[in-house]
Amino acid sequence: MLDGLPLHPLFAHAPVVLLPLAAIGVIVLAVMRRRSAQLVYAVLGVLVVAVGSAGATLLSGNALASVMGFEPETHQRWGQAMTIGAVVFLLVAAPFLWLVARGGDSPRPLTKPLGYAASVVGVVVVALTYLAGHSGAQLAWSDVAASTTTPTATNRTYTLDEVAQHRTATDCWTVVDGRVYDLTEWVGRHPGGASAVTGMCGVDATAAYQGKHGGEQGPAEALSRYQIGTLASAATTSATPAATPSASASASATPAASTAAPSASASATTATFTLAQVAQHSTATDCWTVVDGKVYDLTEWVGRHPGGTRAVTGMCGVDATAAFQRAHAGEQGPADALARYQIGTLAA
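Quick look at the structure, then. (Residues numbered from 1 in each chain as written. Predicted model: local features only at pLDDT ≥ 70, side-chain atom pairs only at ≥ 80, totals over all residues. Heavy atoms only, no water.)

**Re the nonpolar core**
One finds V26, F89 and F96 to be the most contacted residues of the largest nonpolar core, which totals 25 residues. Elements supplying a minimum of two residues to this core: α1 (8-31), α2 (37-68), α3 (73-103) and α4 (111-147). Aside from chain neighbours lying at most four places away, what touches F89 is L19, A22, A23, V26, L47, A118, V121, G122 and V125. (Core = buried A, V, L, I, M, F, W, Y, C linked by side-chain atoms within 4.5 Å. Buried < 20%, exposed > 50% of the residue type's maximum accessible area, 1.4 Å probe, protein only. Helix = DSSP H or I, 4+ residues; strand = E, 2+ residues; numbered from the N terminus. Contact = heavy atoms within 4.5 Å.)

In structure tokens form, the structure reads like this:
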């Protein structure tokens, strides 16, 4: 930060200008018959500064992402590729420029092939620079475009049943802290990838969102742009989450009957299951798990987990206490999300 402003946009302009300029200089030197030593040193100087500025841009971008509370994966990936490409460009071009400076108008045998190699690498680096800059511009201007969009009547109220009707990537509503959001446009723009948003579609995602972004200003501001209303009070007090388990189990069930899928009712948590029974539900389409002596049916949560399905499927059919504690020890949001899916306790 410089006087409260992020340095990343300032650093980013340097490689965008200097890397193409250095590439042009190398290509010109590779095809010229008469070469000026002054031009060689100028191109080398521009290339050195360009590589340094690319590194500074990458570091400042990572720092900005940390402050904002999200990782712009596509832009970050192209930025890393540009920086690596710039270093390779310097390593290939420097020997060529040195030979040109030493040889003058009488090039040495390796001068020409090194010049052509450096020119090809320069063209690749220019392409990477374009992709890094373009993805950054998309990220910045999509936020601007979103911020100028007039929200749909935020004084409207919706029930959780209405929200549940919008549960796809092309029609995605969600609830966070009693507010209803239409995230359809944000699915493809989310810096962390579409799967982080689609897991919220059609459900009350308060616990999942708070577990991931609780207290972070950047994600809160991004989310606020998509508010379309509030959750009806009846839904917040009486409706069960759309993602709750759907079958039934009772405390008095026999061992054979107790392996049937559980209900979403609170009384289901009095049922007891053995670890062998839990192990029979070990797939992504039939996923039970144990955490801290409690049994959960996570089948509906597999496709909605903000961190991706793999984080849940690894818990299916086993006692996942250690894995859950490693990932979420002391975090209230994930604990609240997990609690919704409890169907009983583990038999002693």
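**A look at unusual backbone geometry**
Notably, D177 is not glycine yet its phi reads approximately 50°, a positive angle. Mapping D177 onto the fold places it in the loop between β3 (171-176) and β4 (179-182). You will see that D292, though not glycine, has its phi angle at about 55°, which is positive. Here D292 is to be found in the loop between β8 (286-291) and β9 (294-297). A relative accessible area of 47% means that D292 is categorised as partly exposed.

**Here we look at helix α13 (residues 332-339)**
G333, P334, A337 and L338 are the residues of α13 that are buried. Down the axis of α13, the sector holding all buried residues measures 130°, keeping them to one side. In this structure, the buried residues of α13 make contact with α7 (206-213), β8, β9, α12 (321-328) and β10 (342-346). (Arc of directions from axis to C-beta.)

**What about a nonpolar patch on the surface?**
A cluster of nonpolar residues, I24, V28 and L39, forms a patch on the protein surface that exposes about 220 Å² of accessible area. For V28, the location among the structural elements is in helix α1. (Patch = residues over 30% accessible without salt bridge, like charges linked within 9 Å, V, L, I, M, F, W, Y side chains within 5 Å. Areas by Shrake-Rupley, 256 points an atom, 1.4 Å probe, with all protein chains shown as cover. Salt bridge = Lys/Arg side-chain N within 4 Å of Asp/Glu carboxyl O.)

**A few points about the environment of V176**
With respect to the helices, strands and loops of the structure, V176 is situated in strand β3. V176 sits 55 residues away from L231 along the chain, and the two C-alpha atoms are 9.1 Å apart. Residue contacts for V176: discarding those within four places in its chain leaves Y181, M200, A205, T206, Y209 and L223.

**Quick notes on the side chain of T174**
Inspection of the secondary structure assignment puts T174 in strand β3. Within the structure, the side chain of T174 is placed 2.7 Å from the backbone oxygen of M200, a separation counted as a polar contact. Ignoring anything within four residues of it in the chain, the contact list for T174 reads V163, R179, V180, Y181, L183, M200, V203 and A205. (Polar contact = N/O pair within 3.5 Å; in protein donor to acceptor, adjacent residues only side chain to side chain.)

**Some words on the pairing of β8**
In terms of burial, β8 is a largely internal element, five of the six residues being buried. The pairing of strand β7 (residues 282-283) with β8 spans two bridges and is classified as antiparallel. Considered in β8, the bridge of T283 is made with D286. Bridge analysis of β8 against β9 gives four bridges, and the strand direction is antiparallel. (Pairing = 2+ DSSP bridges.)

**Notes on the packing of aromatic side chains**
Scanning the model with the defined rule gives four aromatic pairs in all. Between W301 and Y341, the aromatic rings sit 5.9 Å apart at their centres with planes inclined by 35°, giving tilted as the arrangement. In this pair, W301 sits in the loop between β9 and α11 (310-313) while Y341 sits in the loop between α13 and β10, placing the two residues 40 residues apart along the sequence. W301 sits in the buried class, given a relative accessible area of 12%. (Phe/Tyr/Trp six-rings, centres within 6.5 Å; stacked < 30°, edge-to-face > 60°.)

**Details of the pattern of salt bridges**
Following the criterion strictly, the structure yields one salt bridge and no others. The salt bridge involving E300 is made with R304; its shortest N-O contact spans 3.4 Å. E300 sits in the partly exposed class, given a relative accessible area of 33%.

**Brief notes about the sheet that holds β3**
Read from one edge to the other, the open sheet built from five strands follows the order β1-β5-β4-β3-β2, with strand pairing classed as mixed. Two strands in the sheet have a free side with no partner beyond their single neighbour: β1 (157-158) and β2 (167-168).

**A few points about the state of the cysteines**
The tally for this structure, following the rule as stated, stands at two disulfides. In this model, C172 is linked to C201 through a disulfide, with the two sulfur atoms separated by 2.1 Å. Taking the sign of the S-S torsion, -100° for the link of C172 and C201, the bridge is left-handed. Of this pair, C172 sits in strand β3 while C201 sits in the loop between α6 (195-198) and α7, and the two are 29 residues apart along the sequence. What makes C201 buried here is its relative accessible area of 2%. (Disulfide = S-S within 2.5 Å.)

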